[in-house]
Amino acid sequence: MAETSASHDHGDDDDFQTGDAGASSTYPQQCSALRKNGYVMLKSRPCKIMEMSTSKTGKHGHAKVHMVGIDIFTGKKYEDICPSTHNMSVPNVKRVEYSLMDIDNEGYVSLLDDSSECRNDIKLPEGELGTEIRSKFENGEALKITVLQALGEEAIVTCKAEQESRK
């Protein structure tokens, strides 16, 4: 009997891993606990909080928090006001670093992660960042690319020179 339950436990572990992939893309956090440079959902978009201000408690006793956030994928600005005691949705944001291997003619990048897995499904970002990455890459610089993932979307957010020498 002990053997069956042991193998059954193992089965639960596997379920847990698949459950993790579908883990909630947001979690609630009280408005007053949010901080500048943190993340929050504004108008159903994952945003980085750029400015926050709290107004005094009004006649009905709720301090209001005014937030200005920038969409982490589009760069669009969003604002919202909510009572400090209310919960706001906070996106689960994951940063992943990759080594840039190649850029194809359509602007898709070949990225290699730490476990040597290769991805070719992310496009260079539009605008300055994309131009900067392409020109540095064409100049032969080794680059580390940071990809931000949230709510099933992902985008390249930064690039930096890869440190070749590991002392």
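Residues numbered from 1 in each chain as written. Predicted model: local features only at pLDDT ≥ 70, side-chain atom pairs only at ≥ 80, totals over all residues. Heavy atoms only, no water.

1. Examining the pairing of strand β9 (residues 118-123)
Part 1 of the argument: Judged from the four bridges that link them, strand β8 (residues 108-112) and β9 form a sheet pairing that is antiparallel. When the bridges of β9 are listed, Leu112 appears paired with Cys118.
Part 2 of the argument: Counting the residues that bridge the hairpin from β8 to β9 gives five residues, and of these Ser116 lies at a positive phi of roughly 60 degrees. (Pairing = 2+ DSSP bridges. Helix = DSSP H or I, 4+ residues; strand = E, 2+ residues; numbered from the N terminus.)

2. Here we look at the nonpolar core
Part 1 of the argument: In terms of nonpolar packing, the biggest core is built from 15 residues, with Leu100, Val109, Leu111, Ile133, Ile145, Val147 and Ile156 touching the most fellow members.
Part 2 of the argument: Secondary structure elements with two or more residues in this core: β7 (94-103), β8, α2 (127-138), β10 (143-150) and β11 (153-161).
Part 3 of the argument: The dominant element in this core, judged by the number of residues it contributes, is β7, at four residues.
Part 4 of the argument: With residues up to four places along the chain from it excluded, the contact list for Leu100 reads Val109, Ser110, Leu111, Ile133, Phe137, Leu143 and Ile145.
Part 5 of the argument: If you look at the next biggest cluster of nonpolar residues, it comprises 12 residues, including Val40, Leu42, Ile49 and Met88. (Core = buried A, V, L, I, M, F, W, Y, C linked by side-chain atoms within 4.5 Å. Buried < 20%, exposed > 50% of the residue type's maximum accessible area, 1.4 Å probe, protein only. Contact = heavy atoms within 4.5 Å.)

3. Notes on the environment of Tyr39
Part 1 of the argument: Tracing the chain through its elements places Tyr39 in strand β2 (residues 39-42).
Part 2 of the argument: Note: C-alpha distance between Tyr39 and Asn92 (53 residues apart in sequence) is 8.4 Å.
Part 3 of the argument: Tyr39 has contacts with Leu34, Cys47, Lys48, Ile49, Ile72, Val90, Pro91, Val93, Arg95 and Leu148, leaving out every residue within four places of it along the chain.

4. Looking at α2
Part 1 of the argument: Helix length check: α2, at 12 residues, gives a terminal C-alpha distance of 17 Å against a target of 16 Å (1.5 Å per residue), a fit within 8%.
Part 2 of the argument: The set of residues buried in α2 consists of Leu129, Gly130 and Ile133. Angularly, the buried residues of α2 cover 100 degrees about the axis, an arc narrow enough to put them on a single face. Exposed residues pointing more than 90 degrees away from the buried face of α2 are listed as Glu128, Thr131 and Glu138.
Part 3 of the argument: Contact partners of the buried residues in α2: β7, β10 and β11.
Part 4 of the argument: Once α2 ends, the next one or two residues include Gly140, with phi positive near 80 degrees. (Expected span 1.5 Å × (residues − 1). Arc of directions from axis to C-beta.)

5. A closer look at the sheet that holds strand β3 (residues 45-54)
Part 1 of the argument: Spatially, four strands are ordered β2-β3-β4-β5 in an open sheet, and the strand pairing comes out antiparallel. A strand with exactly one partner marks an edge of an open sheet, and here the two such strands are β2 and β5 (77-83). Adjacent strand axes in the sheet meet at a mean angle of 45 degrees when their direction is disregarded. (Axes fitted to C-alpha atoms, helices over the stretch in contact; angles between N-to-C directions.)

6. Examining the side chain of Asp71
Part 1 of the argument: Assignment of secondary structure puts Asp71 in strand β4 (residues 64-71).
Part 2 of the argument: Polar contacts involving the side chain of Asp71 include one to the main-chain amide nitrogen of Thr74, which spans 3.1 Å.
Part 3 of the argument: Every residue in contact with Asp71, bar those within four places of it in the chain, is listed here: Arg45, Pro46, Cys47, Lys76 and Tyr78. (Polar contact = N/O pair within 3.5 Å; in protein donor to acceptor, adjacent residues only side chain to side chain.)

Functional significance is not addressed by these values, which are geometric in nature.
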